[in-house]
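Here are the chains, one letter per residue:
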Amino acid sequence: MKEVLLRLKELLFPSIADVAVLSVDVNIAMVRVNAQCTADGAACPVCGAWANRVHGSYLRFPADVPSGGRRVVLQSKVRRFSCGNSGCARRTFVEQIPGLTRRHSHSQRTERSRSTLASVGLALAGRAGARIASVLGASVSRSTVLRLVDALPEPEVAAPRVVGVGEYATRTGRRYGTVLIDVETRRPVDLLPDREACSLAAWLAERPGVEVICRDRAPFFAEGATTGAPQAVQVADRWHLWHNVSEAAERAVAQHCNCLRALVTAAPEPDPEPVLEEDSSGSPWPTGHRFADRTRARHANVHALLKAGHSR
């Protein structure tokens, strides 16, 4: 029996140390794994002192990743230790299994369940992520998926060399902000809550490695780029170049509209189209038209060949 439990531990928690599987209960809808931490003690989360005096214990039931369409629940008996450091503000604390559990409100799921749902949320967002999670066997709400995504640490973003500056609307016509994009990787870098020149200048001043700023012709972006990154070259993006060219062409046409109208007025009237004479033979096809004459000549040639004895 002990060998079976050790094998189950290797299958269920291959990369987690100091945990032992005591029993596994399987039914139609759920798999319950009874596990326990085997460490002699734990380090205090405040002062770091090692403690092994048990103050109490209770049961915790974090949900793990589903298996075979069944929910997997980990039943673990966690201990509360008393901190032996008299100068520490924390008198007691609960042990945690690294890689498996964490403190406070996140204890209702294991770490790998959290990471799985967060990966689904990053790929599909809230509603679609919750639907896929329910198919996989983890019934969660869209708000839970979004909270797990929001709890992820901010990724380390390398300092961009070429920055694209534009605006975005949180409320169209009322409230706008500034979006900053790494042009080389085509990924957003940061969002500023407004589109003031001072905000952009402060952001650029913290990143002296910016060499090129790609922006539109808004005066506040120009002022902020000049103040915050005087060493950078400012260029216009392709869309705004074409947009400015089209606006200039439209203004030019509008300014010379009277010239075009004068040319149309002075142009001579075209000659009237010749009236086709009706065929005296009673044919419904008009005469004097090259397509009609060509069709009539081809028709006559076909019948002449048929009279000469040629086959169709």
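Check the entry above for the structure.
Bear in mind that the values here come from a model prediction, so they are computed numbers and not experimental data.

**With respect to the overall build of the protein chain**
The secondary structure content of the protein chain amounts to eight helices and 13 strands. A buried classification covers 28% of the 312 residues belonging to the protein chain. Counted over contacts in the protein chain with a minimum sequence separation of 6, partners at least 24 positions apart contribute 40%. For the protein chain, the accessible area works out to roughly 21,700 Å², and carbon and sulfur atoms hold 55% of it.

**Side note on the sheet that holds strand S12 (residues 212-215)**
Spatial ordering of the open sheet is given by S11-S10-S9-S12-S13, a layout of five strands whose pairing is mixed. Looking at the sheet topology across the chains shown, the edges are occupied by strand S11 (187-192) and strand S13 (233-236). When strand polarity is set aside, the average angle formed by the axes of neighbouring strands in this sheet is 30°. In terms of strand pairing, strand S9 (residues 162-171) meets S12 through three bridges, oriented parallel.

**A few points about helix H2 (residues 111-136)**
A rise of 1.5 Å per residue sets the reference length of H2, with its 26 residues, at 38 Å; its end C-alpha atoms lie only 17 Å apart and thus fall more than 12% short of the reference. At Ala-125, H2 shows its largest bend, some 125°. Taken residue by residue, H2 has Ser-113, Arg-114, Leu-117, Ala-118, Val-120, Gly-121, Gly-126, Gly-129, Ala-130 and Ala-133 as its buried positions. Among the structural elements, strand S6 (63-67) and helix H3 (142-150) are those in contact with the buried residues of H2. Gly-137 sits one or two positions beyond H2 and adopts a positive phi of about 110°.

**What about the nonpolar core?**
Of all hydrophobic cores here, the largest spans 14 residues; its most connected members are Val-165, Leu-180, Leu-204 and Ile-213. For this core, the secondary structure elements donating two or more residues are S9, helix H4 (197-205) and helix H5 (219-228). Looking at which element gives the most residues to this core, the answer is H4, with three residues. With residues near it in sequence (within four places) discarded, Ile-213 still touches Val-163, Val-165, Leu-204, Ala-225, Ala-229, Ala-232, Val-233, Gln-234 and Val-235. The next biggest cluster of nonpolar side chains, apart from the first, holds 13 residues, and it includes Cys-37, Val-72, Leu-74 and Ile-97.

**What to know about the packing of H4 against H5**
Here H4 crosses H5 at 30°, and the two axes come no closer than 7 Å. In this structure, H4 crosses over H5, and the sense of that crossing is right-handed. Here Ala-197, Leu-200, Ala-201, Leu-204 and Ala-205 of H4 come into contact with H5, specifically with Phe-220, Phe-221, Glu-223, Gly-224, Ala-225, Thr-227 and Gly-228. For the contact of H4 with H5, the class distribution of residues is eight nonpolar, three polar and one charged.

The rules behind each value
- Residues numbered from 1 in each chain as written.
- Predicted model: local features only at pLDDT ≥ 70, side-chain atom pairs only at ≥ 80, totals over all residues.
- Heavy atoms only, no water.
- Helix = DSSP H or I, 4+ residues; strand = E, 2+ residues; numbered from the N terminus.
- Buried < 20%, exposed > 50% of the residue type's maximum accessible area, 1.4 Å probe, protein only.
- Contact = heavy atoms within 4.5 Å.
- Areas by Shrake-Rupley, 256 points an atom, 1.4 Å probe, with all protein chains shown as cover.
- Pairing = 2+ DSSP bridges.
- Axes fitted to C-alpha atoms, helices over the stretch in contact; angles between N-to-C directions.
- Expected span 1.5 Å × (residues − 1).
- Bend = angle between axes of the 7 residues up to and from the residue.
- Core = buried A, V, L, I, M, F, W, Y, C linked by side-chain atoms within 4.5 Å.
- Left-handed = near helix turned anticlockwise from the far one by under 90°.
- Nonpolar A, V, L, I, M, F, W, Y, C, P; charged D, E, K, R; others polar.

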